[in-house]
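Listed below are the residues making up each chain.
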Amino acid sequence: MAIKEPVPLSIEQLRWRCDESIFHFRTTKELVPLRGIVGQQRAIEAIELGAAIESRGYNIFVMSLLGTGRLTTVKQVLEPIAQQRQKLYDFAYVHNFTNPTMPRLLRFRAGKARQFARALGETIGFLRTRIAELFREEAFQKSRSAIIQRFRTKEAALLEQFNAQIAPQGFTLGQVTDPDGSARFELFAIIRGKPYSLDQIAALVGEGKLSERRAQRIVGTYLKLREELVSMSYRGQEMQRAFQQALLDHTRKAAGIIVAAAFDELRTRFAEEAVAEYLDDCQRDLIENIEIFSPAYSGAPDAELPDGRTLADKLKEYTVNIIVDNAETRSAPIIIETFPTYTNLFGTIERHYDRQGIVRSDFTMIKAGAVLRADGGYLIVNASDVLSEPQVWQTLRRILLYGKLEIQPPEPSSTALKPELIDVNVKVVMLGDYQTYLALAALEEDFTKMFKIAAEFDYETDRSEKMLQNFARFVARLCEEENVLHARPSGVAALIEWAVERAEDKNKITINFSDVSDVIREASFVAQQHRKRFFDRESVEEALRLRRRRTELQDVKIKSQIHHGILMIDVCGARIGQINGLTVYSTGLISFGKPARITASTGAGNAGIIDLEHEASLGGNIYRKGVLTIPGLLREYFGQRRPLALSASITFEQNYGGIDGDSASLAELYAILSSLARVPLLQSIAVTGSINQKGDVQPVGGVNEKIIGFFEICQQHGLDGSHGVIIPHQNIADLMLPEALLEAARDGLFRIWAIRHFTEGIPILTGMEAGQMLSDFSYPPGTFLHAVDQRLEELTLVARDYARTL
């Protein structure tokens, strides 16, 4: 029976090339730089919707890979929408005269807070000057003197009355000075026309100038009159308090007219702002403490007040702490918080030490964060940063759910202040990846209520001619912005080919412009090193070669181990139950492919297929599924006439690390079938592909890296025309292979086959016809599958005969 071997792929199928003739410029310097956003229309529509709907919950979670231009895109989409949202506010905290530990919040129309703070400051300054002048006015002094005179008259009458009361009993009233310097009234006994204190009477007795008996009578009278003196002193103190209150009432009444007029002007000027209640409290407190405006405190901010505070501390209560000032803002704010700590996002309350070393805080130490600065606009944060900072996510979650912001320091109980809550209207745009979004949606019950808009950024787009022209304009933009060398058409074409290769689909092109920008910068540097005015294809290819060289250390080491036989790989000859599978290594810096020896061993029994990787806990779940698919295929093709009595083992030789993915299941199938048929497989041909239970070959990832990896090993040993790779037919669209491999393919030294069904690879690997199942579920003699079927029949008989012996 004739062998029908699939035809290798043509050179044209192995790489797509960008036609430079589509570019009608000599260098990108002639192009209009790309300013818009390309390839992200779906994401743009989602962001526009979320930004435009002002209802709560329409925050936006942007899902994308890094480098897809998500931040730039978000900004460009938000900016025109922000121009239409101009209803902005200023926020300020002021002293709460009723409860100083709960500072009062004032919200103003944009720009009014600054005006109010200036006007209030000017009013307080005016009152300090004007009231000090009032104290010096003749009319004020005259009325004040009248109050003083009335008090002195009453005080003199009280003393005169008391003296008249005690004179008949031989006493008079006088004043003494205590050691602390304070003066007080005291009773003095009149003896021989002279006043004597109680202490002096004892001395007179000792000198014999006064009898003991008379002295005792004087002391007894003193004690009785002492009670009346205390009573008189109380009346005098009450009179003194009334006097002080009369003076204060007089001052308040006189100054109150000035204060009321000044504050009425403020009320009129800011009638449209919600400040009336605060101004009432401020006016009331100022009048109650009017004495701080007296000449005694003029120009002395450090002067100590009766309550122990300084004048400056008291005057600070009449100031305004503006925490958000939108006076210069012309559109809704777009705040990008790159370091979203608790304080940076939500604000804090600072602390300071007073003169006694005590930690204190007041309303002037309240500071706003990015959330409040973004009120009326948009706040952009990175999801990973928000989730990694202590307390940040839970606090942000409460704000998004309830629309209330409480400014507090991150340390619990570090201040006694509890500022008034702020109603905030902010749209949060969170940048993250798919895994983060799915995790939050699963773990946070209210997450989808808070982020009703999910904007998915693509990492690739269709490779249309319009996109290629836009790509060239992007190159022009970066070169202009960063002042690097512009590109010739060949340089742009080389960049595009690299971008298509990155997309792993010849019909797509990557829009991860961050990576593209890096290649442009490096190609420009290479061109400058060669004293070129513009970078071209050679510059791009040299930059990519240098980039690979910087990161290929592990690749080189593995190739060396294969070359010296440490890692055992055969690329010539044939062997039963052994095949070269293809794997992809990733170091975080680079991904590269390498062959891996896969071996299979089969015999009679009922253990099925033993996966050594799984038994050794080295295989992942997807790899395990790929292996478990093989028994289903064997039953489909060979288990229709009898049950299979098969024990087989499969393994990746010299695999000491983990492995995952199902791209080796096709190669594993060939190894098992070879072991059963006792037909050797060519070691010069490697295989990659996934298999299903029906025998269809399924596409895999990393096909370019895998082919290149095997080609390099074959090249080390010497290409002789027998080498090649079998891949799934769906992966033809992914092929973007390097020039060295294309040259070998052109010379017939290296071939690539693309297959749809596992049977198509059998002639390539064995030189035998695969064989087609007959109506009785057998296969034509002389075919590969017939040999497999016959061996399985033998194993069934062996198992049956062995079972009879038990």
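In this text, all values refer to a predicted model and were calculated from it rather than measured experimentally.

Engineer: Mind laying out the layout of surface pockets, listing which residues take part and the relevant values?
Structural biologist: In this approach the atoms are scanned with a rolling probe the size of a water molecule, which exposes any empty space left behind. Computed from the structure, the largest pocket encloses a volume of approximately 1,700 Å³. Lining the largest pocket are 49 residues, with Trp 498, Glu 501, Arg 502, Arg 548 and Ser 591 positioned closest to its centre. Among the elements of the structure, helix H17 (489-503), helix H19 (537-551), helix H20 (553-563), strand E21 (578-586), strand E22 (591-603), helix H24 (703-717) and helix H25 (739-746) are those that each provide at least two residues to the lining of the largest pocket. The dominant element in the lining of the largest pocket, judged by the number of residues it contributes, is H19, at 10 residues. Its residues placed into classes, the lining of the largest pocket shows 16 nonpolar, 12 polar and 21 charged.

Engineer: An account of the sheet that holds strand E24 (residues 647-652) is requested, with residue identities and associated values reported.
Structural biologist: Within the open sheet, the 7 strands sit side by side as E23-E24-E22-E21-E26-E29-E30. Their pairing is mixed. The open sheet has two edge strands with one neighbour each: strand E23 (608-611) and strand E30 (750-755). Mean inter-strand twist for the sheet, computed between neighbouring axes without regard to direction, equals 30°. Sheet analysis places E21 next to E22, joined by 9 bridges and oriented antiparallel. When the sheet's bridge partners are listed, Val 584 is paired in E22 with Gly 593.

Engineer: I'd like a description of the pattern of salt bridges, backed by residues and values.
Structural biologist: Counting across every chain of the model gives 50 salt bridges. One salt bridge in this structure joins Glu 743 and Arg 746, with 3.0 Å as the shortest N-O distance. One end of the pair, Glu 743, and the other, Arg 746, are both in helix H25, 3 residues apart, so they sit about a helical turn from each other. For Glu 743, a relative accessible area of 38% translates into the label partly exposed. Put simply, Asp 801 and Arg 804 hold a salt bridge, and the shortest N to O gap is 3.8 Å. Placement of the pair is Asp 801 and Arg 804 together in helix H27 (residues 784-805), with a separation of 3 residues, close to one helical turn.

Engineer: Requested: an account of a positive patch on the surface, with residues and values cited.
Structural biologist: A contiguous patch of positive charge on the surface is contributed by Arg 192, Arg 213, Arg 214 and Arg 217. Relative to the helices and strands, Arg 217 is located in helix H7 (residues 212-269).

Engineer: Can you tell me about the packing of helix H5 (residues 138-166) against H7, naming the residues and giving the values?
Structural biologist: Two packed helices can be described by the angle between their axes and the distance between those axes. Contact pair H5 / H7: the axes reach a minimum separation of 10 Å and the direction vectors enclose 170°. Viewed along their axes, H5 and H7 adopt a mutual orientation that is roughly antiparallel. Looking at the contact of H5 with H7 residue by residue, the classes come out as 16 nonpolar, 6 polar and 5 charged.

Analysis parameters
Residues numbered from 1 in each chain as written. Predicted model: local features only at pLDDT ≥ 70, side-chain atom pairs only at ≥ 80, totals over all residues. Heavy atoms only, no water. 1 Å grid on protein atoms, 1.4 Å probe; cavity = no way out; pocket = protein on both sides within 12 Å on 5 of 7 lines; lining within 4 Å. Points joined across faces, edges and corners; volume = space filled by probe spheres on them. Helix = DSSP H or I, 4+ residues; strand = E, 2+ residues; numbered from the N terminus. Nonpolar A, V, L, I, M, F, W, Y, C, P; charged D, E, K, R; others polar. Pairing = 2+ DSSP bridges. Axes fitted to C-alpha atoms, helices over the stretch in contact; angles between N-to-C directions. Salt bridge = Lys/Arg side-chain N within 4 Å of Asp/Glu carboxyl O. Buried < 20%, exposed > 50% of the residue type's maximum accessible area, 1.4 Å probe, protein only. Patch = residues over 30% accessible without salt bridge, like charges linked within 9 Å, V, L, I, M, F, W, Y side chains within 5 Å. Areas by Shrake-Rupley, 256 points an atom, 1.4 Å probe, with all protein chains shown as cover. Lys, Arg positive; Asp, Glu negative; His and termini not counted. Charge placed at Lys NZ, Arg CZ, Asp CG, Glu CD. Parallel < 35°, antiparallel > 145°, perpendicular 65-115°, else oblique.

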